[in-house]
Amino acid sequence: VTTLEASGAVTLTAAVASTSSTTGTAIITGGVGVSGDIYTGGHVHDTLPTTSAKGDAAYILTLTDAWTEVTFALATTARALTVPLNSSVAFVLGTKIFVTVTAGSTGVLTITPISGVTIRGNLSLAFTGTLGAVKAVTLYKIGTDTWLAL
């Protein structure tokens, strides 16, 4: 087992580790265990999100919704997906939540911020009934109580 240090702040332990003589980039082969948050200026490839079906009901996001697909099958009623304050549910910066409406007739899902939360982007999803017409938005946390709806 080899241990590498980056800027004195992060220690990675892997089965095999070396440094590229050309770029100086750490090369890690084998599993890497990380405890805590990871922030990167590049791309992080993750596993596919799990799905959490909410059916035809109003819902308030919880910490377990981070990095998942929260899906709704609306009937004819308008429903709200509420985004709570960071002081209630502390999602880490960079959290993404994938929101989908997969079925319904005239129901509309509105993404509703609790007072003090700002969401910039599309806040309303309506299923059109057309085959393959799933409506989706990604909630992306960019500030303590600020989200993008993309």
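The structure we're discussing is the one just above.
We now turn to the structure provided with this report. Since the model is a prediction, treat every value here as computed from it, not as a measurement.

## Quick word on the overall build of the protein
Helices and strands together make up the secondary structure of the protein, namely 0 helices and 14 strands. Starting at the N terminus and walking to the C terminus, you meet the elements of the protein as β-β-β-β-β-β-β-β-β-β-β-β-β-β. In the protein, which comprises 150 residues, the proportion classed as buried is 25%. Considering only residue pairs separated by 6 or more positions, the protein has 54% of its internal contacts joining residues 24 or more positions apart.

## Side note on the side chain of T82
Note on placement: T82 falls in strand β8 (residues 79-83). Overall, the relative accessible area of 14% leaves T82 in the buried class. Once residues lying within four places of it in the same chain are set aside, the contact partners of T82 are Y59, I60, L61, T112 and I114.

## Remarks on the side chain of D145
Inspection of the secondary structure puts D145 in the loop between β13 (135-143) and β14 (146-149). A polar contact is formed between the side chain of D145 and the backbone nitrogen of N86, at a distance of 2.6 Å.

## Brief notes about the sheet that holds β13
Spatial strand order, β5-β7-β9-β13-β14-β11: 6 strands in an open sheet with mixed pairing. Each edge of the open sheet carries a strand with a single partner, namely β5 (51-55) and β11 (118-121). Looking at each pair of strands side by side, their axes are set apart by 25° on average, direction ignored. Sheet topology places β11 next to β14; 4 bridges connect them, and they run parallel. Its bridge partner lying in β14, I119 is registered against W147.

Procedures and definitions
Residues numbered from 1 in each chain as written. Predicted model: local features only at pLDDT ≥ 70, side-chain atom pairs only at ≥ 80, totals over all residues. Heavy atoms only, no water. Helix = DSSP H or I, 4+ residues; strand = E, 2+ residues; numbered from the N terminus. Buried < 20%, exposed > 50% of the residue type's maximum accessible area, 1.4 Å probe, protein only. Contact = heavy atoms within 4.5 Å. Polar contact = N/O pair within 3.5 Å; in protein donor to acceptor, adjacent residues only side chain to side chain. Pairing = 2+ DSSP bridges. Axes fitted to C-alpha atoms, helices over the stretch in contact; angles between N-to-C directions.

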